[in-house]
Amino acid sequence: MARLITVYVNNKQYQVEDGQTIMQALDKLGYHIPRLCYHPKLSIEGACRVCIVEVDGMRNFVASCAYPISDAMKISTNTPELRRARRDIVELLVDNHPMDCHICDRNDNCELQRLSYAMGIKQRHFVGERKRYQKDVSSVAVIRDPEKCVLCGRCVRVCSEIQGVFNLSYAYRGFKTVVTTAFDIPIAESVCSSCGQCINVCPTAAFLEKNYTQELFEKLCDPGLIKVVQFAPSVRAAIGEAFGFPAGISKEKETIAALKKLGFDYVFDTQFGADLTIMEEANEFLERLKGNGKLPMITSCSAAWMKFMEQFYPDMIENISTCKSPMSMLGAMIKTYFAEKIKVDPEKILSVAVMCCTAKKYEAKRPELLVNGLSAVDIVITTRELAWMIKSAGIDFVNIQPEEFDNPLGISSGGGAIFGTTGGVMESAIRTAYEIYTGEPLMEIEISQIRGMQGIKEGSIELDGKKINVVVAHGLGNASKVLEIIKKEPQKYHFVEIMGCPGGCIGGGGQPYAGANSIPLDENILMKRAEALYGIDRKKTIRRAHNNPAIRRLYKEFLGKPLSEKAHKLLHTHYSPKYPKGIIPKEMTLR
Amino acid sequence: MQIKDIVQEKKQQNIQILKEYLESFKNRSRAESNLLTILHKVQELFGYLDKEAIEEVATIIQVPLSHIWGVATFYHYFKLKKPGKHIISVCLGTACYIKGADEIVAKLKEELKTDLGGVSEDGLFSFEEARCLGACSLAPVVMIDDKIYGNLTPQMIPQIIKEYKRKHKE
Ligand code: SF4
Ligand code: SF4
Ligand code: SF4
Ligand code: FES
Ligand code: FES
């Protein structure tokens, strides 16, 4: 433990630990200094100066997020001069900002609004020239509106330090400073992985997902369409937060009910798709283990990871599982198996997916994933968009009467549920692969080595005396680290799980924004969401994908066996190197 | 067509020269601290920061493109766009200024649809400023390539620009 020192805050004496910043110490003492550019998971930029405090003996106010606390320091947090200085700083941001709140996607959930309110800004003072930029709406997933940017730099840092994509940087200088891509090229043509983490950390509406809610509201009223929807495990683990519920409560049945009220005819479970993915992926792994294909095998269900891999590690394409993601597998089954079952022309089916992820919007548009010329998923909306639709349609989510999934694509195992959290795909694959390989049930099905929020987790299991080494990484920056290891030691692992977002899908770029009392990427919230999924798993009587009766029936009636010709046609895909080529810097500044 | 081929060939030669030049930076640590030197070299070879050349730089010294872009845009002396076929220099010297150079600038901005320091949308003109072109008696003055246009009024600008555009269509 660090040495204790004595400090004075607003003339009150406290003992605090040495070796931390003023802000860290004050947070623990219950003084919440306003802040903007600071984020605990990112490097300290110290640029916005919203977090200034007064320190006795210092000529200028100091940025508390960057300045170390020291013995006998006398700190003031709320003097009139300080309040005025802080207010001026925020006022400058507000004056250079469109006054669009009532028509803005972040209305009611915007840090700039909250800051402005907390600083007591009551009017605009310097109404001068305001910066003007075009919106970048090129991407099907991530929209950029630089006019709303307050240059806090959090997106730049999350994209490089956590995601290792390095797509964004500050460009130009002075009044013209802007956050942009290399050569100002549109997001759609950039190395952007579509992960949406910049949206998660942005305090304003300068980054947003491409919104499909209007189109969906219209299609939901089209009497000529059969409206089918699926939603991801992580949606149920987080959507409650958008309605004021504490993090970590599954709202599965409430979400089903709300989707029905919105006008969907069938509500299916992406967890069924996850079970199907496990059937194919576990068998694919065992084939590779026999020598048919390259090892280590790397999972392929994370859409941002797929684009990242094609741009940054195209030489590893052969290591990637050919399995489509659960969303795309289920979409393919909806447009074939299910269409046949209800005797409907698949063109008449509207296939919608609610995802925790912005990259799924990009995935749904990948031409490789067409099924008999049709999109497997026609529209992808995020958890946030669904929460907004529910509110906008006047549906009382808080008191809603729970409902059940439709059959047959709504039945899932516990293994499908944990797909949403880092380590879950691996855990579920092991449960199934073990039993197929050894013919015996795996006794210890909760594999704690690969649970939790550590960035890279290693584990191993014995398959008939053969030691299988696995590794799990979440966040694209951690993915890079694992891939660099594999490049050096190709034999080290047999099976690799990668999820593009911190925490896995539960931390996806489409999840509810952090509220007033939390921060984006908060590990405690991620852990609670994960716990909600582990809870679903524990409560299920069927916890292994291969024991799901609906999956068995699907193979019996339609697909034949895992990896059959039909399964290959409908459930597997391929990848190809993409331009622009991504560059992982030699001196990696990943965190 | 032929000219295009020659230009292309010249460019590829320059890329080759650049690659050889970058060889010595390959294994140096702190590649980023050499970035300015390298960008100057690119500008010297290509006349501006050519995209293909910058991609080569990024790949060889392993620095992300976005980072290079951030550095390149921060300094005024890097040209970010391929210079136009014609260089329009508008004189902002004292004599020209007094005689209304700012109105000439405004009109040129409108005609070329770019700011000072930029390149017109069609890639035909670079739009630059100059200090006293030594023709004060003709103020306000604009120089296009090496031809001086004097005693200008904003109304005369469109005709002059049109003339260059016409020549190019032929
Ligand atoms: S980003 Fe925030 S402050 Fe800006 S217009 Fe939107 S809601 Fe208002
Ligand atoms: S979506 Fe992800 S990869 Fe794309 S700019 Fe944002 S953080 Fe970077
Ligand atoms: S886009 Fe958002 S996160 Fe990025 S610098 Fe601007 S305000 Fe900050
Ligand atoms: S939060 Fe401390 S300088 Fe921005
Ligand atoms: S000031 Fe313009 S030519 Fe001398």
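All chains use their own residue numbering, which begins from 1 and follows the written sequence. Key to labels: chains lettered from A, ligands numbered from 1, both in the order written. Restriction of local features to residues with pLDDT of at least 70 applies here, the model being predicted, together with a cutoff of 80 or more for giving and counting side-chain atom pairs; totals for whole chains, interfaces and linings are based on all residues. As a convention, hydrogens and water are excluded, and side-chain values are obtained from all of the structure's heavy atoms.

## Structural notes on the sheet that holds strand 16 (residues 466-474) of chain A
Residue and element names in this part refer to chain A. Strand pairing follows a simple DSSP-based rule, namely that at least 2 bridges must link the two strands. Helix numbering and strand numbering both begin at the N terminus, where a helix is a DSSP run of H or I of at least 4 residues and a strand a DSSP run of E of at least 2. Pairing in this open sheet of four strands is mixed, and the strands run 12-17-16-15 from one edge to the other. Of all the strands in the sheet, the pair left with one neighbour each is strand 12 (297-298) and strand 15 (456-463). Alignment of strand 16 against strand 17 (residues 495-499), held across five bridges, turns out to be parallel. Note on strand 17: the bridge partner recorded for Ala473 is Ile498.

## Topic: the pattern of salt bridges
It is possible for side chains of opposite charge to pair when their charged atoms get near one another. All names here are of chain A. Salt-bridge detection follows one rule: a side-chain nitrogen of Lys or Arg within 4 Å of a carboxyl oxygen of Asp or Glu. The final tally for this structure, using the stated rule, is 43 salt bridges over all chains. Notably, a salt bridge pairs Arg87 with Glu91, separated by 3.9 Å at the nearest N-O pair. In this pair, Arg87 and Glu91 are both assigned in helix 2 (residues 80-95), four residues apart and thus about one turn of the helix distant. We call a residue buried when its accessible area falls under 20% of the maximum for its residue type, exposed when it is over 50%, and partly exposed in between, using a 1.4 Å probe and counting protein chains only. Look at Arg87 and you get partly exposed, because its relative accessible area is 27%. Ionic pairing is found between Arg288 and Glu284, a salt bridge with its closest N-O pair at 2.9 Å. Highlighted residues: Arg288 and Glu284, both in helix 9 (residues 270-289), separated by four residues, approximately one helical turn. Assessed through its relative accessible area of 6%, Arg288 is described here as buried. Each of Glu427, Arg431, Glu446, Arg451, Asp537 and Arg543 takes part in salt bridges that share partners, so that together they form one network.

## Details of the domain arrangement of chain A
Either an automatic procedure or a domain database provided the assignment from which the domain bounds are taken. Here chain A is described as being made up of domain 1 (4-78), domain 2 (123-209) and domain 3 (213-571). The C-alpha-based centres of domain 1 of chain A and domain 3 of chain A are spaced at 43 Å.

## A look at the site of ligand 1
If a single non-hydrogen atom of a residue is within 4 Å of a molecule or strand, that residue counts as near it. The local shell around ligand 1 holds 13 residues, among which His97(A), Cys101(A), Cys104(A), Cys110(A) and Ala205(A) are the closest. Amino acids outside the nonpolar list (Ala, Val, Leu, Ile, Met, Phe, Trp, Tyr, Cys, Pro) and the charged list (Asp, Glu, Lys, Arg) are all regarded as polar, and Gly is one of them. Of the residues contributing to the shell around ligand 1, the split by class is six nonpolar, four polar and three charged.

## Description of the packing of helix 2 (residues 35-46) of chain B against helix 4 (residues 65-74) of chain B
Residue and element names in this part refer to chain B. Angles shown run from 0 to 180 degrees and are taken between the N-to-C directions of axes, each axis being a line fitted to C-alpha atoms and, for helices, limited to the stretch in contact. Remark: helix 2 packs on helix 4, axes separated minimally by 11 Å, with the N-to-C direction vectors making an angle of 75 degrees. It follows that helix 2 is roughly perpendicular to helix 4 by the angle criterion. Judged by residue contacts, Leu35, Leu36 and Leu39 of helix 2 engage His67, Ile68, Val71 and Ala72 from helix 4. Of the residues contributing to the contact of helix 2 with helix 4, the split by class is six nonpolar, one polar and no charged. We call two directions roughly parallel when the angle between them is under 35 degrees, roughly antiparallel when it is over 145, roughly perpendicular when it lies between 65 and 115, and oblique otherwise. Only heavy atoms matter for contacts: two residues are in contact if any of them lie within 4.5 Å across the pair.

## Notes on unusual backbone geometry
Residues and elements named next belong to chain A. The omega torsion across Leu295 and Pro296 is -10 degrees, close enough to zero to call that bond cis. Looking at where Pro296 falls in the secondary structure, it is placed in the loop between helix 9 and strand 12. Residue Pro580 is bonded to the preceding Tyr579 through a cis peptide linkage, with omega at -5 degrees. Checked against the element boundaries, Pro580 lands in the segment after helix 19 (565-571). Of note in this structure, Ser194 is not a glycine but carries a positive phi near 70 degrees. Looking at the element boundaries, Ser194 is found in the loop between strand 8 (178-180) and helix 5 (197-201). Judged by its relative accessible area of 4%, Ser194 falls in the buried class. Of note, the phi angle at Lys343 is positive, near 55 degrees, even though the residue is not glycine. With respect to the helices, strands and loops of the structure, Lys343 is situated in the loop between helix 11 (326-341) and strand 13 (349-355).

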